[in-house]
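Tertiary structure, described
Residues per chain, in single letters:
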Amino acid sequence: MFGGFGGIFVPLKLKAKKSKLKIMGKIFVIANWKMNPKTFKEASELFESVKKAVKKSGDIKVIICPPALWLKEFNPGANMNLSLGAQNCHWEVSGAYTGELSSQMLADAGAEYVIVGHSERRNYMGESDEVVNLKIKAALRAKLRPILCVGERAGEEMNLVVESQLTKDLAGLSVGQMKEIIVAYEPVWAISTEGGRSCSPDDALSAALFIRKTLTKLYSRFLADKTPIIYGGSVHDGNEDGYIRQARMNGVLVGGASLEAEEFVRIVQNIK
Ligand code: PEP
């Protein structure tokens, strides 16, 4: 996009005007690096840049979820605004599961959170809701806070899919365990690698309200109000405000835009 000024064309980045609505409580900004970047050197530079920039981010908790083999290499240090998360865990504590990592192993390596039920794992690894439920329980046993991803694919009904996922994925969890859960609403059609159609703040707000209604049915109004609900899907520098202040989300889950330190840090700073 180019804007003219005195005959000179200068690049313009269009940004939504920041809403005046105040943000309430803790905000989570979660970076899902997926199977990126390509080398440890790049990963380490990315981590250190983010670590330096997100000090003193107030009520914002930044959670970096790198590929698991690098968890041990990264140290958030005394930075209370920064934590590490894993992208997946196994449901068993140990055993003959070639290539897998248990929740306890991830916790020992420095993870405090774990993403569970991401649509890429549901699609490519055939992860069922029953498996997601077992993984959540395993994560909680290892004192990891699960970040449960739910959301519909293109052409599916949000209400039907999300209600079914929440009911099955959270089955059997006690109220005490539920207090550790973060729910991420990630409409699959809005994820950048899936085409990244934009999800409007209004649609994100409807989904958040529906998630709270479902949690009220499954547990209680109190618990539904207390559960952090975050949004994920093509979040980038400039559109985060709509999800946080308009859609009243408790944070964002960022994929592609978390791989570029400056952009990711700007997302955090825009929310502040
Ligand atoms: C994701 O896949 O969790 C995600 C949010 O990706 P992106 O931000 O790239 O859409």
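What you see is a predicted model, and the numbers here were worked out from it, not measured in a lab.

Let us now look at the overall build of the protein chain. Summing up its helical and strand segments, the protein chain has 10 helices and 10 strands in all. Relative to the compact-globule value of 19 Å for 272 residues, the protein chain shows a C-alpha radius of gyration of 18 Å, a close match. Reported as C-alpha extents along the three principal axes, the dimensions of the protein chain are approximately 70 × 40 × 35 Å. A sequence separation of at least 24 residues applies to 71% of the contacts in the protein chain between residues at least 6 apart. For the protein chain, the exposed surface amounts to about 13,600 Å²; the carbon and sulfur share of it is 56%.

So, about the pairing of strand 5 (residues 82-86). Of all 5 residues making up strand 5, 5 are buried, and the element is well covered by its neighbours. Sheet topology note: the strand 4 (residues 60-65)/strand 5 ladder contains 3 bridges and is parallel. Paired with I64 across the strands is L84, a residue of strand 5. In the classification by handedness, the crossover that spans strand 5, the intervening helix 2 (residues 103-108) and the parallel strand 6 (residues 113-116) is right-handed.

Pairing between the strands of a sheet comes from backbone hydrogen bonds, and it takes one of two forms, parallel or antiparallel. Spatially, 3-4-5-6-7-8-9-10 is the arrangement adopted by the 8 strands of the closed barrel, whose pairing is parallel. Strand after strand, the sheet turns through a mean of 25° between neighbouring axes, direction not considered. Across 6 bridges, strand 3 (residues 27-32) lies against strand 4 in parallel orientation. Residue A31 lies in a different strand from strand 4, and its bridge partner there is I64.

Another point: the layout of surface pockets. There is about 600 Å³ of room inside the largest pocket. Residue lining of the largest pocket: 21 residues in total, with K34, M35, Q87, N88 and R121 positioned closest to the centre. Among the elements that take part in the lining of the largest pocket, helix 3 (residues 119-124) stands out by supplying 3 residues, more than any other. Looking at the lining of the largest pocket residue by residue, the class counts come to 11 nonpolar, 6 polar and 4 charged.

It is worth spelling out the site of the ligand at this point. Surrounding the ligand, one finds 13 residues, the nearest of these being K34, S192, S234, G255 and G256. A distance of 2.8 Å is found between an oxygen atom of the ligand and a side-chain nitrogen or oxygen belonging to E186. The contact in question runs from an oxygen atom of the ligand to an N or O atom on the backbone of G256, over 2.8 Å. Here the shell around the ligand is built from residues that sort into 3 nonpolar, 7 polar and 3 charged.

We now examine the packing of aromatic side chains. Aromatic ring pairs: the centre-centre distance and the angle between the two ring planes describe each pair. Using the criterion set out here, one finds 8 aromatic pairs in the structure. Plain terms: the ring middles of F28 and Y113 are 6.5 Å apart, the flat faces sit at 70° to each other, and that makes the pair edge-to-face. Placement of the pair is F28 in strand 3 and Y113 in strand 6, with a sequence separation of 85 residues. Among the residues examined, Y113 registers a relative accessible area of 6% and is labelled buried. Following the ring pairs from residue to residue traces out a cluster consisting of W33, F40, F47, W70 and F74.

Summed over the entire model, instances satisfying the criterion amount to 11 salt bridges. E45 is paired through a salt bridge with K41; the nearest N and O atoms lie 3.1 Å apart. Residue E45 and its partner K41 are located together in helix 1 (residues 40-53), separated by 4 residues, close to a single helical turn. With a relative accessible area of 43%, E45 lands in the partly exposed category. We note a salt bridge from R121 to E127, for which the minimum N-O separation is 2.8 Å. Side by side, R121 and E127 carry an identical accessibility label, which is buried. Overlapping salt bridges bring together R121, E127 and K135 as one network.

Criteria and cut-off values
Residues numbered from 1 in each chain as written. Predicted model: local features only at pLDDT ≥ 70, side-chain atom pairs only at ≥ 80, totals over all residues. Heavy atoms only, no water. Helix = DSSP H or I, 4+ residues; strand = E, 2+ residues; numbered from the N terminus. Rg over C-alpha atoms; globule rule 2.2 N^0.38 Å. Contact = heavy atoms within 4.5 Å. Areas by Shrake-Rupley, 256 points an atom, 1.4 Å probe, with all protein chains shown as cover. Buried < 20%, exposed > 50% of the residue type's maximum accessible area, 1.4 Å probe, protein only. Pairing = 2+ DSSP bridges. Right-handed = clockwise from strand over helix to strand, strands pointing away. Axes fitted to C-alpha atoms, helices over the stretch in contact; angles between N-to-C directions. 1 Å grid on protein atoms, 1.4 Å probe; cavity = no way out; pocket = protein on both sides within 12 Å on 5 of 7 lines; lining within 4 Å. Points joined across faces, edges and corners; volume = space filled by probe spheres on them. Nonpolar A, V, L, I, M, F, W, Y, C, P; charged D, E, K, R; others polar. Near = heavy atom within 4 Å. Polar contact = N/O pair within 3.5 Å; in protein donor to acceptor, adjacent residues only side chain to side chain. Phe/Tyr/Trp six-rings, centres within 6.5 Å; stacked < 30°, edge-to-face > 60°. Salt bridge = Lys/Arg side-chain N within 4 Å of Asp/Glu carboxyl O.

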